[in-house]
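Listed here are the chains, written in short residue letters.
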Amino acid sequence: NMYNPNLMGKSDPYLLMEAQSQTLEFGGKTARTKTINGGGKTPDWKGEVLKMKLVDHAELKIVCWDDDVGSDDKIGEVILSLRDIYEMSVTQRRIWDEQKVKKEEAVVKDGHGDDVKVGKWFKLERKNGKEAGEILLEFNTNLIMGGNRNAGAKQMDYPQGRPGIEPFCIFELKERYAWEKLKGEDGHEYFYNEFSGETSWEKPSNYFDLAAEREAKEKVRQDLIEHGEMEKLLALEGATLEDGIDFDELGKQPIVFRKEPVDTWEDLLDEPQKLANMKRGRLMVIVHSAKKVKGKDKNLQCYAIVRLAGAKKGKFKVKTKTTPQIKNGNPKFNDHVCLFDIRDMEKLIDLIFKNGDKSLMCTVEIYDDNYLKDVCIGKTVFDLKDVLMRPATPMRTDFPLDGLSEGGSVNLTVNFFACFNGMCRISLVEARNLVNPDRVGNPDVYCYLTMKGGKKKQTFRTPTMNDSSLDPSFDRQMFVFWMDEEAFFNGLKVDIYDDDVGRDDLIGSVVIDLFQYAAVATTNVEPPKERIYPLRKGGDLVACVEFFTCVNLQVTLLEGKNLKNPNFMGKTFDPYVYITGESVCGKNGGSIKLRGKTHNDGNANPNWNGEELYCLLCDHKELKVSVFDDDVGKDDLIGQTTINLTDVYKDGTLTKWYEIKSKNGKKVHGEIKVGMTVKTSRGVSRAVTSKIGYPAFWDRRGRFLTDADDKKKYDPTPEDDWEEMIVQPYTIQGYGVRGKQYDR
């Protein structure tokens, strides 16, 4: 019953299937059937097989087109969750195989098997939402495994990381549904798994009895029909697994950094020390509970005060909420999080010495909340030096409280997140359940992104989506910010506005804390993941945020030889080296400009005596090195060359002679000897840098292109020189794509 878009004659339908990669690395996959000429309302593709290799794809879009001479007309489309398809291809496999057997029997008996349909019917919709007919599809899922047959597949969940969907392992599902109960020649029953090849005389623990499942479902179905509860029947037949949520609890940002805390000081000291001295960052102290705490009253209500450097007021003093009344002396503080920004180092050091300490001390006091006067009933003081020297290494342990006769303690988690120079990239996916500021119609949505750093404020604005919806899709628009240490304390602000004629209405906003993303990037190699960020004023933002840390580059200027004299008159000239490099952040940061000292009268063979210049690298792939003659007016160009940083990143250090050429690149104007050394930033794990490779920004991604309007476009095809840095597909845990059916 397919819809006919033509005014006259029958349509010529064909199907086009599309699946978009969530990380954009694997690109969009498409597959097209043959055209059924004159197929009209009942086209028959006669079991044509379409194959697609899917890794991190979350949806399958199926569009039925009418093949015309000019532009093809759309008949209808349907968007299916690949999670449901994966599950269906396994759970319905045996049923569909039985249908195929019946179809073959019908062909032998009646000469045709038109009455037996294999697969499931899916309804197509037109642009206006009306039905456009149905298509019959059958799905099959095969796991691609190399070497060991379990490699990758047994640890792989599908779909990967889509918020609002509970992923599952296809391998385990296939293994469960492949068990069959058979009879041997001696009449004894045994169990055989076609998928894994295992045989068992006893009933396997993961055995799925398909016949018993059918009987149970049919019994429930008949009961619902007898009692006239058709709504429950439809819900039963269309039921799927409940969705999972990616954040810890409503109203909070998603948990990004997950690492099992050490539970003693000895275990903390066993962790490698990443810093030699204190660094700017954010200290997190979580107050969990206390033991054997007693006040003057039988019913104790208490609270905790956490101080840095003995601060009596200000940002270095945080008070928790008061606990409910307790009688057992073991109050719980509901994991109250105390955050301290170590931002102004000079101010903090002055406070430490003013308090008479030689190191940064943390004080936790437990107070009995009384009507007249609160009384301190327990106190602990500990040195934070070992915590600060090991950023992103959480420690949870019991700290003994002084002043308690029975040896009370308070349970704390202490963790330090350090600041780093680098780049932040955010991919906007969609918004959900926005609050409509307009009384009539849908809002005209756009996003405004802001990041304030030490030197400047970086902003981006997405195009306005006129009359969009309260669940707009941002099509994974990608924005890149250059970050200095100061930017971490301000966070990344995302505002969603309604574009109006006068003043634009704020629909929702969120400030994304970037400290945890830096902790992930500097301690562990974690693929990008889409997360849900609750918005102020209501609704959610779905986005993927990543941080890429910089490395330190040391450039050593050594000497030059046979440099060409740029002057028409005079035999002497004064050479110096000028180095530039560009980042995708452009004017917002990341640009490199280094100038060496001038060797007066250096002439054709200057010696710069190993002068060292320093800069930060993140997404840089090459540096432009120019040699100038230092003149009173405009400096003359002697020659220039471009140094590819691939070997520097790979080996860590490189010293060699480079030919410098004229501006047009046709003539050689001498040589210069330059040394380059790459070192990781303080606090960055060496194991991480060896795994991700540099420049990390291009790893697993592709590259950015810039058009004439300086607008960044994304090219998912990596350059040949960087192919060795592409991570294998089974290590990628991507993020999601637009899918309204997921918002249950």
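Above this text sits the structure in question.
Here's what I pulled together on the structure shown here. Remember, predicted model here, so these are calculated numbers, not experimental data. (Residues numbered from 1 in each chain as written. Predicted model: local features only at pLDDT ≥ 70, side-chain atom pairs only at ≥ 80, totals over all residues. Heavy atoms only, no water.)

What follows concerns the pairing of strand S22 (residues 492-498). Most of S22 sits out of view: five of its seven residues are buried. Bridge analysis of S22 against strand S23 (residues 505-512) gives seven bridges, and the strand direction is antiparallel. In the strand pairing of S23, Lys 493 is matched with Val 511. (Buried < 20%, exposed > 50% of the residue type's maximum accessible area, 1.4 Å probe, protein only. Helix = DSSP H or I, 4+ residues; strand = E, 2+ residues; numbered from the N terminus. Pairing = 2+ DSSP bridges.)

What follows concerns the packing of aromatic side chains. What the rule picks out here adds up to 14 aromatic pairs. Their ring planes at 5 degrees and their centres at 5.5 Å tell us that Tyr 303 and Tyr 367 sit as a pair that is stacked. With Tyr 303 in strand S11 (residues 302-308) and Tyr 367 in strand S14 (residues 361-368), this pair connects stretches of sequence that are 64 residues apart. By the burial criterion, Tyr 303 is buried, and Tyr 367 matches it. Among the aromatic residues, those joined into a ring-pair cluster are Phe 488, Phe 489, Phe 515 and Phe 547. Above the face of the Trp 657 ring, Lys 561 is positioned so that its terminal group lies 4.4 Å from the ring centre. (Phe/Tyr/Trp six-rings, centres within 6.5 Å; stacked < 30°, edge-to-face > 60°. Lys NZ or Arg CZ within 6 Å of the ring centre and 35° of its normal.)

Our focus in this paragraph is the environment of Asn 370. Considering the arrangement of structural elements, one finds Asn 370 in the loop between S14 and strand S15 (375-383). By relative accessible area, which is 17% here, Asn 370 ends up buried. A C-alpha to C-alpha distance of 9.2 Å links Asn 370 and Lys 296, two positions 74 residues apart in sequence. Beyond its immediate sequence surroundings of up to four residues, Asn 370 is in contact with Asp 297 and Val 375. Here Lys 373 takes part through its backbone oxygen, which lies 3.3 Å from a polar atom of the side chain of Asn 370. (Contact = heavy atoms within 4.5 Å. Polar contact = N/O pair within 3.5 Å; in protein donor to acceptor, adjacent residues only side chain to side chain.)

Moving on, we get to the sheet that holds strand S24 (residues 530-534). In spatial order, the strands read S21-S18-S25-S24; together these four strands make up an open sheet with antiparallel pairing. What marks the edges here is a single partner per strand, and that holds for strand S21 (473-483) and S24. Between one strand and the next, the sheet's axes are offset by a mean angle of 30 degrees, whatever the strand orientation. As judged from the five bridges shared by S24 and strand S25 (residues 540-549), these two strands associate in the antiparallel manner. (Axes fitted to C-alpha atoms, helices over the stretch in contact; angles between N-to-C directions.)

Take a negative patch on the surface next. A cluster of acidic side chains, namely Asp 44, Asp 110, Asp 114 and Asp 115, defines a negative patch on the protein surface. Tracing the backbone through its elements, the reader meets Asp 110 in helix H2 (residues 93-110). (Patch = residues over 30% accessible without salt bridge, like charges linked within 9 Å, V, L, I, M, F, W, Y side chains within 5 Å. Areas by Shrake-Rupley, 256 points an atom, 1.4 Å probe, with all protein chains shown as cover. Salt bridge = Lys/Arg side-chain N within 4 Å of Asp/Glu carboxyl O. Lys, Arg positive; Asp, Glu negative; His and termini not counted. Charge placed at Lys NZ, Arg CZ, Asp CG, Glu CD.)

None of this, on its own, says anything about what the molecule does.
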